[in-house]
There are 2 protein chains.
Amino acid sequence: MNIEEKTIEEIAQEILSLYRDKKYIEIKKEFEEINPTDVALIFGEFSEEQRILLFRLLPKEAAADTFVELDSETQEAMIRAFSDTELREVIDELYLDDTVDIIEEMPATIVKRILKNTDSQTRASINTLLKYPEDSAGSIMTPEFVDLKENSTVEDAFKRIRRTGVDKETIYTCYVTDSSRHLIGVTTVKELLLHDYDDIIQDFMETNVIYVNTHDDKEEAARLFGKYDFLALPVVDMEQRLVGIITVDDAIDVLEEENTEDIHKMNAIVRTTEKPYLKIGVFETWKSRIPWLMFLMISATFTGMIINAFEDKLSAMIILTSFIPMLMGTGGNSGGQSSSTIIRALSLNEVDFKDIFKIVWKEIRVGFVCGLSLAAVSFVKVLLVDKLLLGQEDITFLVDLVISLTLVVETVFAKAVGCVLPIIAKKMKFDPAVMASPLITTITDAISLLIYFGLATAILHI
Amino acid sequence: MNIEEKTIEEIAQEILSLYRDKKYIEIKKEFEEINPTDVALIFGEFSEEQRILLFRLLPKEAAADTFVELDSETQEAMIRAFSDTELREVIDELYLDDTVDIIEEMPATIVKRILKNTDSQTRASINTLLKYPEDSAGSIMTPEFVDLKENSTVEDAFKRIRRTGVDKETIYTCYVTDSSRHLIGVTTVKELLLHDYDDIIQDFMETNVIYVNTHDDKEEAARLFGKYDFLALPVVDMEQRLVGIITVDDAIDVLEEENTEDIHKMNAIVRTTEKPYLKIGVFETWKSRIPWLMFLMISATFTGMIINAFEDKLSAMIILTSFIPMLMGTGGNSGGQSSSTIIRALSLNEVDFKDIFKIVWKEIRVGFVCGLSLAAVSFVKVLLVDKLLLGQEDITFLVDLVISLTLVVETVFAKAVGCVLPIIAKKMKFDPAVMASPLITTITDAISLLIYFGLATAILHI
């Protein structure tokens with residue numbers, strides 16, 4: 001099926017009409033042809049009651065795969081409707097890290113019911129995973145991986161994979177551990193397939209294994225996937241024992257999640273939920289947006305104070321007022337460009353604190369040539385458009401000069417401030433994404449005004 | 001090796017001192033312990049000449065893997081220094097899609113030399129791949145995949161994988177094609193391992209295959225990996241024949257690349273290169289930043305005109321001027337919040353054009369509650385801080401009211417404009433990321449001023 005051939009809505013319509021005609025066997029057949037991710041999307045078009053019935057039409061494995069993809073509210077409603085047997089069947093099919101993700105979103109009563117319906121070993125694993133801090137590598141790993149012994153043959157390895165592989169999220173990367181579960185090597189099913197059956201694993205395993213610790217940051221762990229093209233990354237505990245792996249699909253989710261969070265932070269939004277846009281209510285959206293709006297509004301008191309201090313001069317030469325928005329806007333945009341570039345470079349680990357002087361020096365030069373270009377164009381534009389075309393007689397050569405000079409100086413300042421603050425924020429263990437356009441703009445607004453009024457006072461003698 | 005144990009610089013220092021002592025055998029040993037990605041980073045600390053010598057110390061396969069990770073300037077320099085034999089050895093070890101990526105960055109003479117040193121079949125594949133448009137799925141696929149026949153047994157399949165797998169970028173997803181190369185099914189090495197040797201592939205293969213066309217957008221293709229947790233995605237041509245696959249590592253690169261591009265676009269930067277920050281020169285940075293700065297500066301002529309039109313009223317009541325930055329800033333921030341949220345939701349396919357009314361209605365309500373909250377706080381703040389504390393006698397109850405009302409109305413407008421423009425841009429096949437904070441701010445600046453002066457005229461009778 002090409003993803004574009006039929007939309008989810010169309011398939012949902014088909015299933016709805018089959019549902020109304022009670023043609024459940026045909027629904028069952030239809031579901032067999034649809035990827036569980038899409039089944040979950042289709043469920044979105046049905047009522048809670050209908051979903052339960054549809055869910056019971058899914059084959060066991062597809063049922064679990066679909067369940068994972070539902071949003072947590074739907075999951076909760078379904079668990080409430082499940083019998084204990086049904087619940088156990090779903091949980092049995094789930095990978096442990098998915099079970100933990102689900103549990104984290106559920107109220108205590110549901111969590112109790114889930115744990116009651118798992119065997120004691122699984123329960124212990126779940127409890128261990130739940131203890132890792134939210135942003136840690138441990139919180140996204142799964143303890144289900146293929147482990148091999150170094151003196152096994154390729155044949156032994158395949159036997160072991162065939163025997164235990166069905167429950168593992170990935171079998172393609174196999175980890176070699178010693179008797180105390182220390183990670184001593186890694187190999188892949190590809191390597192195994194390309195070796196003879198009686199080759200010994202330690203003779204060809206890779207001993208230089210890149211791994212992370214359970215307490216490492218999950219974003220840092222996820223970035224390693226892009227860098228090294230991994231399918232899975234081993235996670236060790238404080239005693240260097242292999243306790244789990246992170247799989248590439250979870251790494252992608254973390255990267256996308258972090259990117260969304262960065263984009264939101266860079267636009268003065270406090271992320272309070274991972275729900276998709278249309279699922280977030282008005283009040284919750286307000287809660288995520290009002291803190292920064294409020295803070296930035298109050299911070300603008302300073303720009304107001306600057307204007308007030310120059311009030312007499314402004315009323316003496318009111319034409320200066322009309323260029324304030326353009327000058328503040330340009331300062332903000334210049335600063336926003338450099339801060340966003342540096343924030344992104346920091347999250348991709350392209351730059352770090354030791355590069356600070358190199359970066360500032362570059363941004364100052366970029367600011368200077370940008371400022372010069374802007375000033376040249378503005379000088380002519382103000383003369384031709386504002387003075388001649390729009391007939392603003394008050395604009396003199398010197399006024400035009402003040403505006404152009406302000407552009408040069410403010411662009412240099414804005415670029416420098418824009419690149420320095422994110423680096424300092426990161427050094428101080430804050431998230432650099434906060435130092436993006438909105439906050440930078442508030443700062444450059446004040447800087448731009450000071451430069452503007454300063455130059456005006458000096459050159460126009462007002 | 002834990003990634004944090006030794007930094008790249010430290011290892012580079014070690015190798016440099018071994019290099020000075022001409023202890024090449026030890027360097028060779030050291031390199032065997034280091035991931036090719038890190039070897040490439042280490043190369044960054046050496047001169048061109050030194051790199052060639054070091055490169056010759058690498059084992060063949062690691063040499064190719066390292067070569068892929070170098071930046072294109074270094075690659076070019078190395079190819080110039082290679083003998084034809086060396087070049088052929090490297091190219092032979094590369095996956096085809098990587099060869100094509102390298103070729104795309106090279107000057108014509110180097111391209112000729114590369115093509116001269118490949119066999120005719122590879123050359124034909126390279127030429128086909130080079131023809132796909134830059135942003136298409138075809139441009140990031142590799143034609144090297146495992147294809148199986150539907151009537152093969154599991155044993156046949158493993159034989160085929162063992163025979164041909166060494167040259168494939170991934171062997172874990174296997175595609176089943178008919179005699180005219182149409183894609184009819186898919187299976188995985190995991191499935192194969194869990195079945196008996198004499199099972200027939202068509203009995204258990206998945207026939208509902210999700211695929212993309214060569215001309216589909218590469219970002220859309222990459223998003224499917226996050227959605228469906230794929231390790232590889234098949235790519236078919238116009239006649240539905242399987243011509244290649246996209247692997248998850250390339251999908252991650254595309255996603256990160258698109259995220260970087262979005263963040264840059266959202267901050268008024270034209271992306272002209274994929275080079276990391278520190279590799280981009282001042283002039284190139286200027287080129288990527290000046291177009292929007294210039295456009296937005298000139299657009300601000302309108303805000304200037306609005307202020308000019310109200311010049312007389314402003315000089316009658318100069319106190320109004322000091323709140324312009326705060327009001328424009330708040331409008332810009334409010335609009336930036338909603339536009340960035342919608343831009344992100346659009347790229348994650350969480351919303352589309354048909355949701356426009358739902359979105360606008362939500363943003364208007366969010367704008368109203370945000371505006372009310374801001375107005376309430378501002379009203380008190382202006383009275384207590386600006387009037388009483390800072391002693392601005394000109395602030396009357398009515399002036400304070402105008403400011404508060406402006407906050408409410410402008411926030412609603414800004415939120416609505418901020419969410420509508422990206423959706424319309426996408427509908428008109430523009431990139432919605434352009435409709436982010438900088439452009440929205442320029443628009444909301446004008447709107448905010450009109451609302452402010454309109455309310456001031458009506459309420460203060462100036």
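Residues numbered from 1 in each chain as written. Chains lettered and ligands numbered in written order. Predicted model: local features only at pLDDT ≥ 70, side-chain atom pairs only at ≥ 80, totals over all residues. Heavy atoms only, no water.

A. View of the pattern of salt bridges. All chains considered together, the criterion is met by 48 salt bridges over all chains. A salt bridge links K218 of chain A to D135 of chain A; the shortest N-O distance between them is 3.9 Å. Note that K218 of chain A is positioned in helix 14 (residues 218-228) and D135 of chain A in the loop between helix 10 (120-130) and strand 1 (146-148), a separation of 83 residues in sequence. D135 of chain A gets classed as partly exposed once you look at its relative accessible area, which sits at 45%. R223 of chain B is the partner of E219 of chain B in a salt bridge, and the nearest nitrogen-oxygen pair spans 3.1 Å. Of this pair, E219 of chain B and R223 of chain B both sit in helix 14 (residues 218-228), four residues apart, roughly one helical turn. (Salt bridge = Lys/Arg side-chain N within 4 Å of Asp/Glu carboxyl O. Helix = DSSP H or I, 4+ residues; strand = E, 2+ residues; numbered from the N terminus. Buried < 20%, exposed > 50% of the residue type's maximum accessible area, 1.4 Å probe, protein only.)

B. Quick peek at the confidence of the model for chain A. Of the residues in chain A, 99% have a pLDDT of 70 or more, and the chain-wide mean is 90. Prediction confidence for the complex, expressed as pTM and ipTM, is 0.86 and 0.86 respectively. (pLDDT = per-residue confidence, 0-100.)

C. How the structure looks around the pairing of strand 5 (residues 232-236) of chain B. All names here are of chain B. Of all five residues that make up strand 5, five are buried, and the element is covered over most of its length. Because side chains alternate across strand 5, one face comprises the buried residues A232, P234 and V236, and the other comprises L233 and V235, equally buried. The pairing of strand 4 (residues 212-213) with strand 5 spans two bridges and is classified as parallel. Bridging across to strand 5, V212 finds its partner in V235. Two elements, strand 5 and strand 6 (residues 242-247), share five bridges in a ladder whose sense is antiparallel. Residue pairing for strand 6: V235 is matched across the bridge by G244. Between strand 5 and strand 6, which pair antiparallel in sequence order, lie five residues; one of them, Q240, sits at a positive phi of approximately 65 degrees. (Pairing = 2+ DSSP bridges.)

D. Region of the structure containing the packing of aromatic side chains. Residue and element names in this part refer to chain A. Applying the stated criterion across every chain, the model contains 31 aromatic pairs over all chains. Residues F158 and Y197 carry aromatic rings whose centres are separated by 6.2 Å and whose planes lie at 75 degrees to one another, so their mutual orientation is edge-to-face. Placement of F158 in helix 11 (residues 154-164) and of Y197 in the loop between helix 12 (189-194) and helix 13 (201-204) is noted, with a sequence separation of 39 residues between them. Judged by its relative accessible area of 34%, Y197 falls in the partly exposed class. (Phe/Tyr/Trp six-rings, centres within 6.5 Å; stacked < 30°, edge-to-face > 60°.)

E. Looking closely at the environment of R365 of chain B. Looking at where R365 of chain B falls in the secondary structure, it is placed in helix 20 (residues 356-389). A relative accessible area of 34% means that R365 of chain B is categorised as partly exposed.

F. The sheet that holds strand 5 (residues 232-236) of chain A, seen in detail. In space, the three strands of this open sheet follow the order 4-5-6 (chain A), with mixed pairing throughout. On the outer flanks of this sheet lie strand 4 (212-213) and strand 6 (242-247) of chain A, each paired with one strand and no other.

G. Highlighting the packing of helix 6 (residues 72-81) of chain A against helix 9 (residues 108-116) of chain A. Residues and elements named next belong to chain A. Remark: helix 6 packs on helix 9, axes separated minimally by 11 Å, with the N-to-C direction vectors making an angle of 60 degrees. Considered as vectors, helix 6 and helix 9 are oriented oblique to each other. Considering the relative orientation of helix 6 and helix 9, their crossing is left-handed. Judged by residue contacts, E76, I79 and R80 of helix 6 engage T109, I110, R113 and I114 from helix 9. For the contact of helix 6 with helix 9, the residue count by class is three nonpolar, one polar and three charged. (Axes fitted to C-alpha atoms, helices over the stretch in contact; angles between N-to-C directions. Parallel < 35°, antiparallel > 145°, perpendicular 65-115°, else oblique. Left-handed = near helix turned anticlockwise from the far one by under 90°. Contact = heavy atoms within 4.5 Å. Nonpolar A, V, L, I, M, F, W, Y, C, P; charged D, E, K, R; others polar.)

H. Quick peek at the relation of the copies chain B and chain A. Take chain B, turn it by 180 degrees, move it 0.0 Å along the axis, and it overlays chain A with an RMSD of 0.1 Å. The relationship between the two copies is best expressed as a two-fold rotation axis. Taking C-alpha positions as reference, the residue of chain B nearest the rotation axis is S315 of chain B, located at 3.1 Å. (Least-squares fit on C-alpha atoms with pLDDT ≥ 70 in both.)

I. How the structure looks around a nonpolar patch on the surface. Taken together, the side chains of F302 and M305 of chain A together with L389 and L390 of chain B make up a nonpolar region of the molecular surface, amounting to roughly 410 Å² of accessible area. Here M305 of chain A lies in helix 17 (residues 301-309). (Patch = residues over 30% accessible without salt bridge, like charges linked within 9 Å, V, L, I, M, F, W, Y side chains within 5 Å. Areas by Shrake-Rupley, 256 points an atom, 1.4 Å probe, with all protein chains shown as cover.)

J. Main features of empty space enclosed by the protein. All told, the structure shown has six cavities of 30 Å³ or more when counted by the stated rule. If you add up the space inside the largest cavity, you get close to 340 Å³. What lines the largest cavity is a set of 28 residues, among which G329, N333 and T441 of chain A together with T441 and D445 of chain B lie closest to the centre. Secondary-structure elements contributing two or more residues to the lining of the largest cavity are helix 19 (324-347) and helix 22 (437-460) of chain A together with helix 16 (282-299), helix 19 (324-347) and helix 22 (437-460) of chain B. Of the residues belonging to the lining of the largest cavity, the class tally is 10 nonpolar, 16 polar and two charged. Taken as a whole, the second largest cavity holds about 220 Å³ of empty space. If you trace the second largest cavity, you find 22 residues lining it, with T341 of chain A together with H264, R271, K275 and I280 of chain B closest to the centre. Counting residues per element, the lining of the second largest cavity draws most heavily on helix 16 of chain B, at four residues. Tallied by class, residues from the lining of the second largest cavity come to seven nonpolar, seven polar and eight charged. (1 Å grid on protein atoms, 1.4 Å probe; cavity = no way out; pocket = protein on both sides within 12 Å on 5 of 7 lines; lining within 4 Å. Points joined across faces, edges and corners; volume = space filled by probe spheres on them.)

K. Spatial organisation of the environment of F67 of chain B. Residues and elements named next belong to chain B. Tracing the chain through its elements places F67 in helix 5 (residues 60-69). Put simply, F67 and I25 are 42 residues apart on the chain and 20 Å apart in space, counted from C-alpha to C-alpha. Those residues within four positions of F67 in sequence are excluded, and the remaining contacts are F55, Q75, M78, I79, F82, V90 and I102.

L. Fine view of unusual backbone geometry. Of note in the backbone geometry, N349 of chain A takes a positive phi value of approximately 60 degrees without being a glycine. Within the secondary structure, N349 of chain A is located in the loop between helix 19 and helix 20 (356-389). A positive phi angle, near 65 degrees, is found at Q240 of chain B, a position not held by glycine. Its location among the elements puts Q240 of chain B in the loop between strand 5 and strand 6. On the basis of relative accessibility, which here comes to 34%, the residue Q240 of chain B falls in the partly exposed class.

M. Inspection of the sheet that holds strand 1 (residues 146-148) of chain B at higher detail. All names here are of chain B. Spatial ordering of the open sheet is given by 1-2-3, a layout of three strands whose pairing is mixed. Two strands bound the open sheet, and with one partner strand each, they are strand 1 and strand 3 (183-188). Sheet twist, expressed as the average angle between the axes of neighbouring strands with direction ignored, equals 35 degrees. Relative to strand 3, strand 2 (residues 173-177) runs antiparallel, the two being bridged by five bridges. Of the residues in strand 3, the one forming a bridge with T177 is L183.

N. The interface of chain B and chain A, seen in detail. Counting from both sides, the interface comprises 130 residues of chain B and, opposite them, 130 residues of chain A. Broken down residue by residue, the surface that chain B buries against chain A is led by R162, Y277 and M297 of chain B, which jointly contribute 7%. At the surface where chain B touches chain A, the tally comes to 10 salt bridges. The residue K227 of chain A makes a salt bridge to D38 of chain B at a minimum N-O spacing of 3.6 Å. Inspection of the region where chain B meets chain A yields 47 residue pairs in polar contact (both at pLDDT 80 or more). When grouped by side-chain class, the residues that make up the side of chain B that touches chain A number 65 nonpolar, 35 polar and 30 charged. (Buried area = accessible area lost by both parts, 1.4 Å probe. Polar contact = N/O pair within 3.5 Å; in protein donor to acceptor, adjacent residues only side chain to side chain.)

O. Local environment of the state of the cysteines. All names here are of chain A. Taken as a whole and assessed by the stated rule, the structure comprises zero disulfides over all chains. Not part of a disulfide, C419 finds its nearest cysteine sulfur in C370, a span of 13 Å. The class for C419 is buried, based on a relative accessible area of 0%. (Disulfide = S-S within 2.5 Å.)

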